[in-house]
Amino acid sequence: MNDIKNQLLVRIDADRNVIVEFLRGFLRCKSPNPPGDTLAAAQFVAAFLDRSGLSYKKAAAKEDRPNIIATTRFPKHGRHLVLNGHIDVFPVGVESEWKHDPWGGELQDGRIYGRGACDMKCGTTASIFTYAYLTGLQDQLHGRLTLTTVSDEETFGPWGTRYLMDHHADEVLGDCCLNGEPSSAHSTRFGEKGPLWLKFRVATRGGHGAYVHTSKNAIAIALAVMSELQSMAGQRADENPAVAAALDAAHDALEKAYGKGAAKTVREVTVNFGSIRGGAKVNMIAADCEFEVDVRTPVGMLQAPILAKIDAIVAKHPEVSYSVQGGNESNWCDPASEMFEYVVANAQRVSNVTPVRVVSPGGTDARLWRSRGVPAIVYGPSPDSMGAPDEHVTVEELMHVVKTHALSAFDYLASSR
Ligand SMILES: [Zn+2]
């Protein structure tokens, strides 16, 4: 079996230019979300599968957001591994802050630049090549391998993996999911915090700023509510012992992968005020104020008690209303799941790094597997430039992720368990 894995590594190295050029071409297919049109990126993936002689189908609930499903059944009975990656990306942001063309797929000094380079066209490239390599190993592998490349991940959208789970669950749920969202080579994710996005509105009568006795001030009320919301930050969850042990062991790795303070952030409720707007003029009593809050709940904590607390805060202020804009519960799978063993061992073999099992502060489609009881393992490039100007991935990272995914998927399907 080791021979085949060696051959696989030789083949991936020989394909280095093919893989690099694939990602560069993929990055030239604009797929910012919003607005979310991924036709060019999906066509790019489909063309590669066509050239490779691999069949697939499109499963699109919305015409401009196609998802692709390709599946291979191996002759021997076994388990079903699903590879998942999204093809939509963040918007460019302020283009003048980029030194490189965000849609140029530029390669310079060993780095590939473009919006989506690390989140997550690198990881999706790893899924696509892993699928292409393993489909050829009919004699060695067991069970079934499925590739899903999806649209509509960046905005909690319903037309990507969620659509596949609702309408094609028998094809995409499988027994295990491997996903290449950015994690850094030094960590692999078994869980993620639960985002809860809220929008608050405050409305008062308003009036002249010299006559403050005539009306309540919407901005002042907003500040009071914000202060009470902020007081929810820092709460810890009742962690499952396996989660607690893994996160204790991951302390240093979390700080290394996501910055100093991350080990605390992932285990606590966090409250982030993302936007605020209110009032009309310096000498008027503000009659309106709107603000948005991103609350993140740690693994092991449900959002219902948080929402109950928010209801209680809002109930004290009749001028205030709020709505939930999006979100989902925190989620995790067993950090001892078999696929983690393979990812760690193969990352060591490929690049001599030992990824530590962590919970991510951010969300991914992996939650959709975990919430259905299927282990979902995230392992991808560094998230450092994610969503930022000059987003990039190094060629070495790209090759590391492709190799680690291919070898780990191989190990999983080569096992006759
Ligand atoms: Zn992503």
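One can find the structure itself at the top, above this paragraph.
Every value quoted in this text rests on a predicted model; they were computed, and no experiment measured them. (Residues numbered from 1 in each chain as written. Predicted model: local features only at pLDDT ≥ 70, side-chain atom pairs only at ≥ 80, totals over all residues. Heavy atoms only, no water.)

A.B. asks: Sorry if this is basic, but what is going on with the packing of aromatic side chains here?
C.D. replies: Geometrically, a pair of aromatic rings is defined through the distance of the ring centres and the angle of the planes. By the definition in use, this model includes 10 aromatic pairs. Measuring from centroid to centroid gives 5.2 Å for F22 and F129, while their planes differ by 90°, and the two rings are edge-to-face. Of this pair, F22 sits in helix α2 (residues 16–28) while F129 sits in helix α4 (residues 117–135), placing them 107 residues apart in sequence. Judged by its relative accessible area of 3%, F129 falls in the buried class. Between the aromatic rings of F200 and F291, the centroid separation amounts to 4.9 Å while the plane-to-plane angle is 0°, which identifies the pairing as stacked. With F200 in strand β9 (residues 194–203) and F291 in strand β13 (residues 288–297), the pair connects residues that are 91 residues apart, well separated along the chain. By relative accessible area, F291 is classed as buried at 1%. Through pairs of rings, three or more aromatic residues link up here, namely F22, F26, F44, F48, F129 and Y133. The cationic tip of R79 hangs over the ring face of Y412; the distance from NZ or CZ to the ring centre is 4.0 Å. Above the ring of F26, the side-chain terminus of K121 is found at 5.1 Å from the ring centroid. (Phe/Tyr/Trp six-rings, centres within 6.5 Å; stacked < 30°, edge-to-face > 60°. Helix = DSSP H or I, 4+ residues; strand = E, 2+ residues; numbered from the N terminus. Buried < 20%, exposed > 50% of the residue type's maximum accessible area, 1.4 Å probe, protein only. Lys NZ or Arg CZ within 6 Å of the ring centre and 35° of its normal.)

A.B. asks: Where do I start with the environment of A262 in this structure?
C.D. replies: Locating A262 in the fold gives a position in helix α10 (residues 262–265). It is 9.3 Å that separates the C-alpha atoms of A262 and D252, two residues lying 10 residues apart in sequence. Not counting chain neighbours up to four residues away, the residues in contact with A262 comprise L254 and E255. (Contact = heavy atoms within 4.5 Å.)

A.B. asks: Quick question: what am I supposed to make of the nonpolar core here?
C.D. replies: Side chains that are nonpolar tend, in soluble globular proteins, to be buried together. L81, L134 and M339 are the most contacted members of the largest nonpolar core, which totals 74 residues. The biggest single contributor to this core is helix α14 (residues 395–414), with 12 residues. Leave out the neighbours within four places in its chain, and M339 touches L81, C176, L178, I377, S408, A409 and Y412. Counting 24 residues, the second largest nonpolar core, distinct from the first, contains A218, A237, C289 and F291. (Core = buried A, V, L, I, M, F, W, Y, C linked by side-chain atoms within 4.5 Å.)

A.B. asks: How should the environment of E268 be read in this particular structure?
C.D. replies: Mapped onto the elements of the fold, E268 is located in the loop between α10 and β11 (270–278). Given a relative accessible area of 12%, E268 falls into the buried group. Sequence separation between E268 and S151 is 117 residues, and the spatial gap between their C-alpha atoms is 30 Å. What E268 contacts, discounting residues up to four positions off in sequence, is K193, G234, Q235, R236, R296 and P298.

A.B. asks: Sorry if this is basic, but what is going on with the packing of α2 against helix α3 (residues 39–51) here?
C.D. replies: Between two packed helices, both the angle of their axes relative to each other and the distance between the axes serve to describe the pair. Running from N to C, α2 and α3 point in directions that differ by 150°, and their axes come no closer than 8 Å. In terms of axis orientation, α2 runs roughly antiparallel to α3. Remark: the crossing between α2 and α3 carries right-handed chirality. Touching F22, G25 and F26 of α2 are A41, F44, V45 and F48, all from α3. Along the lines of polarity and charge, the residues of the contact of α2 with α3 split into 6 nonpolar, 1 polar and no charged. (Axes fitted to C-alpha atoms, helices over the stretch in contact; angles between N-to-C directions. Parallel < 35°, antiparallel > 145°, perpendicular 65-115°, else oblique. Left-handed = near helix turned anticlockwise from the far one by under 90°. Nonpolar A, V, L, I, M, F, W, Y, C, P; charged D, E, K, R; others polar.)

A.B. asks: Quick question: what am I supposed to make of the sheet that holds β11 here?
C.D. replies: Sheets are built from strands that pair by backbone hydrogen bonding, the pairs being arranged parallel or antiparallel. Strand order across the open sheet formed by 4 strands is β11-β13-β9-β14, with antiparallel pairing between neighbours. In the strand order of this sheet, the two ends are held by β11 and β14 (320–327), each with one partner. Averaged over all neighbouring strand pairs, the angle between strand axes comes to 20°, with direction disregarded. Of the strand pairs in this sheet, β11 and β13 are connected by 8 bridges, and their pairing is antiparallel. Of the residues in β13, the one forming a bridge with F273 is V293. (Pairing = 2+ DSSP bridges.)

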